[in-house]
Amino acid sequence: MLNIFFESFNQAIRKFEYDYIFIDGIILTIWLAVLIKYKKWAPIKFGIITGFLIYIIDAIAWFNISAGSNYPSGTFIREYWIGGKYMPRPLEDYFWSKFGADFMMTFSYAMFAFGWLWIMFENFIKKNKKEMILFTSLLFGFWMLTPFFSLWLPINNTIVESVRYMDTQLVIWFVNIVLGYSLLYLIYGTNKFGSKKPKIILYVFFLGCLGAFFMEFPLLISGIRPTGVLYLLFSTVIMFNQGAPYLYVLYDKVIPWLSRKVKRDQLKEIELVFEK
């Protein structure tokens, strides 16, 4: 019983029809159109950057790193079967088939999740509740609809199965969370940096849980993620919160500091030009 319990955490499985990828692409286009309408350029840039990073980690690194000694030789952290065919290494004729699934699970995910996260960060200061409700409703609504549209519409019913063996990664996940929230507490929970705002710590944790729940709940109830409520709770608390505290510090401290530094350097260059 315990083996099954822990195995569901170690093996993140998805099983979906290939048209899920097409429908996700259409809904992503709508999401981007709304972001553009509201001139959310920073969230778009944030989504693009994080999308590339997640693609490199998931689609390239994990696809080529061994799953560890707990699995048979030749097993990798990320594995795919498309139409019953195991995705080989090198991919050869299967590159584009796998790329579609990778794009949906990495780049598209980042454009939704991290674009939304940036909007929620900036509206913590602006207190624009209308925007917070709008983009949160759109994100959850879109992710709820996508799997069911895929099941209802007979566009391409080729089955895609993916598994992520996380035995070797779980320790890293927990360390990420402990370090991330320790950093957040140091900056916003103490007076060491003159920015003590304990509410920020709770807000970031809440967003981390909410973002993960928005992704996992539709996968669970549609049968794409064949796990139970315990995995949903585990993912809700752990998955998104690995990065949320670091991203808030990046948003609130690092990027403004870099922006000020660039402006100072530009002013110095202008002064030098006039001095000459």
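For every chain, the first residue of the written sequence is number 1, and numbering continues from 1 along that sequence. Where totals are concerned, whole chains, interfaces and linings use all residues; where local detail is concerned, this predicted model gives features only for residues with pLDDT of at least 70, and gives and counts side-chain atom pairs only at 80 or more. To obtain the side-chain values, all non-hydrogen atoms of the structure were included, while hydrogens and water were left out.

## What about the nonpolar core?
Working step 1: In terms of nonpolar packing, the biggest core is built from 71 residues, with Trp31, Phe114 and Trp116 touching the most fellow members.
Working step 2: Runs of E in the DSSP output that reach at least two residues are strands. Runs of H or I that reach at least four are helices, and both are numbered from the N terminus. Looking at which element gives the most residues to this core, the answer is helix α4 (residues 95-126), with 16 residues. Remark: nonpolar core denotes a set of buried residues (Ala, Val, Leu, Ile, Met, Phe, Trp, Tyr, Cys) joined through side-chain atoms within 4.5 Å. Three exposure classes are used, based on accessible area relative to the maximum for each residue type with a 1.4 Å probe and protein chains only: buried under 20%, partly exposed in between, and exposed over 50%.

## A short note on the packing of α4 against helix α5 (residues 129-152)
Working step 1: Lines fitted to C-alpha atoms define the axes, with helix axes restricted to the stretch in contact, and inter-axis angles between N-to-C directions lie between 0 and 180 degrees. The geometry of α4 relative to α5 is characterised by a closest axis approach of 10 Å and an angle of 160 degrees between their N-to-C directions. Between α4 and α5, the crossing angle belongs to the class labelled roughly antiparallel. Crossing geometry of α4 relative to α5 is assigned as left-handed. Residues Tyr109, Phe112, Ala113, Trp116, Ile119, Met120, Glu122 and Asn123 of α4 form the contact with α5, whose own contacting residues are Glu131, Met132, Phe135, Thr136, Leu139, Phe142 and Trp143.
Working step 2: Here the residues of the contact of α4 with α5 are counted per class, giving 11 nonpolar, two polar and two charged. Small angles under 35 degrees read as roughly parallel and large ones over 145 as roughly antiparallel, with 65 to 115 read as roughly perpendicular and the rest as oblique. It is the rotation of the near helix from the far one that decides the hand of a crossing: anticlockwise by less than a right angle makes it left-handed, clockwise makes it right-handed. It only takes one pair of heavy atoms within 4.5 Å for two residues to be counted as in contact. All amino acids are sorted into three groups, where Ala, Val, Leu, Ile, Met, Phe, Trp, Tyr, Cys and Pro are nonpolar, Asp, Glu, Lys and Arg are charged, and the leftover types, Gly among them, are polar.

## Side note on a nonpolar patch on the surface
Working step 1: Together, Phe22, Leu145, Phe149, Leu151, Trp152, Leu153 and Ile155 line one region of the surface with nonpolar side chains, adding up to about 680 Å² of accessible area.
Working step 2: With respect to the helices, strands and loops of the structure, Phe149 is situated in helix α5. To count toward a patch, a residue needs a relative accessible area over 30% and no salt bridge; like charges are then connected within 9 Å, while nonpolar side chains (Val, Leu, Ile, Met, Phe, Trp, Tyr) are connected within 5 Å. Each accessible area is a Shrake-Rupley result for a 1.4 Å probe, and residues are judged covered by the shown protein chains and nothing else. Definition used for salt bridges: Asp or Glu carboxyl oxygen within 4 Å of a side-chain nitrogen of Lys or Arg.

## Observations concerning the pattern of salt bridges
Working step 1: As enumerated under the stated definition, the model contains five salt bridges in all.
Working step 2: As a salt-bridge pair, Lys40 and Glu122 come within 2.8 Å of each other at their nearest N and O atoms. Taken together, the residues span a long stretch of sequence, with Lys40 in the loop between α2 (19-37) and α3 (41-64) and Glu122 in helix α4 at a distance of 82 residues.
Working step 3: Classification of Lys40 by relative accessible area gives buried; the value is 6%.
Working step 4: The buried category is assigned to Glu122, whose relative accessible area is 11%.
Working step 5: With a shortest N-O distance of 2.6 Å, Glu131 and Lys40 are connected by a salt bridge. Placement of the pair is Glu131 in helix α5 and Lys40 in the loop between α2 and α3, with a sequence separation of 91 residues.

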